[in-house]
Each structure stands twice: as structure tokens, then as C-alpha cells.
Amino acid sequence: RAVAPVRAGGGGEGGPRSLPPVPCPCFSISVPAGIINFCANNYLGLSSHPEVIRAAVEALEKFGAGLSSVRFICGTQSIHKDLEEKIARFHQREDAILYASCFDANAGIFEALLSPEDAVLSDELNHASIIDGIRLCKANKYRYKHMDMQDLEAKLKEAQKHRLRLVATDGAFSMDGDIAPLREICQLAQKYDALVFIDECHATGFLGPNGRGTDELLGVMDKVTIVNSTLGKALGGAAGEGIF
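Residues numbered from 1 in each chain as written. Predicted model: local features only at pLDDT ≥ 70, side-chain atom pairs only at ≥ 80, totals over all residues. Heavy atoms only, no water.

As annotated in an unreviewed UniProt entry, the chain carries the name KBL protein and comes from Origma solitaria. Turning to the chain, the UniProt annotation filed under Cofactor (unreviewed entry) states: "pyridoxal 5'-phosphate". Quoted verbatim from the Sequence similarities (unreviewed entry) heading of the UniProt record, the comment on the chain is "Belongs to the class-II pyridoxal-phosphate-dependent aminotransferase family." (UniProt positions renumbered as here; feature names shortened; annotations may be inferred.)

Rendered as C-alpha cells:
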């Protein structure tokens, strides 16, 4: 009985429901009371903000609907470089590179950076995209207990035999809402000569005084080596970003 109205509205066995054309935090469908959108994107409702929509229309008129393929086949346009520069400036970083999604960014970064001579140390509850990216690389792999700094230190000691060490963690863990102890992680990284990588998909746009994420929130922006994040989630768009 409880799911009957949902199925009648197009969900369940009847197939996926059809949602309104413009995403927003709260909308009505054929279920009489409507529903609240608790999906993991568009935290701030920016995808339906009039200024964002207006900018998108202007970009369509100037650049068209796209390159008709991926960037590395059909080339880089000024809009790519302009956005990368703005992202790097926002995060107070040297440079940034756009990906189709942060899942893709995480899938590609570890293989590009790390060799069989190196080591990567990953929180056991890291996002699946980080785990997949680490699996693709040839580095020696260490997994430390969730936010357990004693275990991380033990793993860092064990990894001293490798050329480079990279500690990889989510900044904000999406399932439990935990915030990584970045101050302690960065202190250990400095002590054991390691680099620090953070995934900020669930932090960019609203954590920290200026929305730059957990590294800003915890005052370690100058100690984190690499940030991967997204233009989805809080920023109401799509595409991933690697920030160095």
C-alpha cells in the first residue's frame, strides 16, 4: 500500500518517474504531497538559479552545443582554459585541468602520477572512484583504517622503502558525513615525506569560509598537494576537475 502511489506516479514496477525539467530541492510529482529531492547533487540549488541559466544560454549562443566529441579529439577552446584558470584561482592553486567527471579524474590521476616504485595509502572508506583509480595504477597499495592516524602512521613507516608516498583521502566522506582529519594527515605526510591527495566533491562550494573545501576549513590549503573535485554537487553543473 505504501508504494502504490509511487508506482502509480511512474516509479517502482512502472518504471522511473518523470521529474520536472528544472532540478530543484523540492518539487511536486503525481504523488499528492510531492517529494523532497535528497539526491547527492545540486546542494545549493544553483542549477536552477536564473544567473546560472542565463550564463549557460550565452555560452550556447557563443560556443554552440559543444565540440561534437571529447576535447582531446576536437581540440581545446578558450572556454576550457578560462574555466581552468578560474578554478585554479578559486582554489589558490597553480593550475587545473577539466575532466568529464571527477570519477574520470580519479580514474586517471594515480596511474599517471605513480609508478611501481611508489606507494599510495588510501583510507578504507574512500569513494569507489578513488579505489578504482588506485587499482589501475602500478604503485604499491596500502589501506589504512578509516581516519585512524595511528594506522596511517604505521603504514607510512612501512612505505618508507618506496620512492614516493601519496596519501589519498576524501575530504568529506559522502556516506557518513565524516570530515577527514587533514591537519593530522598533513602533519604525518610532512613527517614521513609524503604527498597528500584529497577528493573534494562533497566539500567544494560550501565547506570553509569561502567554500573552497575541507582544506580551507581546516587551514591546510598550503599543505595539500592535489585536489580533485567536481562542478556538480554544490555548484549545480557537471564535469570534474584536477587542481594542482
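A. Broad picture of unusual backbone geometry. Positive phi is not limited to glycine here, since Met 147 has a value of about 55°. Phi at Asp 193 takes a positive value of approximately 55°, unusual for a residue other than glycine. Relative to the helices and strands, Asp 193 resides in the loop between α8 (182-191) and β7 (195-199). (Helix = DSSP H or I, 4+ residues; strand = E, 2+ residues; numbered from the N terminus.)

B. The packing of helix α7 (residues 149-158) against α8, seen in detail. α8 packs onto α7 with a crossing angle of 20° between their chain directions and a minimal axis gap of 11 Å. Here α7 is positioned roughly parallel relative to α8, judged by the angle of their axes. Read as a crossing pair, α7 and α8 show a hand that is right-handed. Between α7, through Met 149, Leu 152, Glu 153 and Leu 156, and α8, the contact on the second element is made entirely by Glu 184, Ile 185, Leu 188 and Lys 191. (Axes fitted to C-alpha atoms, helices over the stretch in contact; angles between N-to-C directions. Parallel < 35°, antiparallel > 145°, perpendicular 65-115°, else oblique. Left-handed = near helix turned anticlockwise from the far one by under 90°. Contact = heavy atoms within 4.5 Å.)

C. The side chain of His 162, seen in detail. By secondary structure assignment, the location of His 162 is in the loop between α7 and β6 (165-170). Reaching out from His 162, the side chain makes a polar contact with the side chain of Tyr 142 at a distance of 2.8 Å. His 162 has contacts with Glu 117, Asp 118, Ala 119, Asn 140 and Tyr 142, leaving out every residue within four places of it along the chain. (Polar contact = N/O pair within 3.5 Å; in protein donor to acceptor, adjacent residues only side chain to side chain.)

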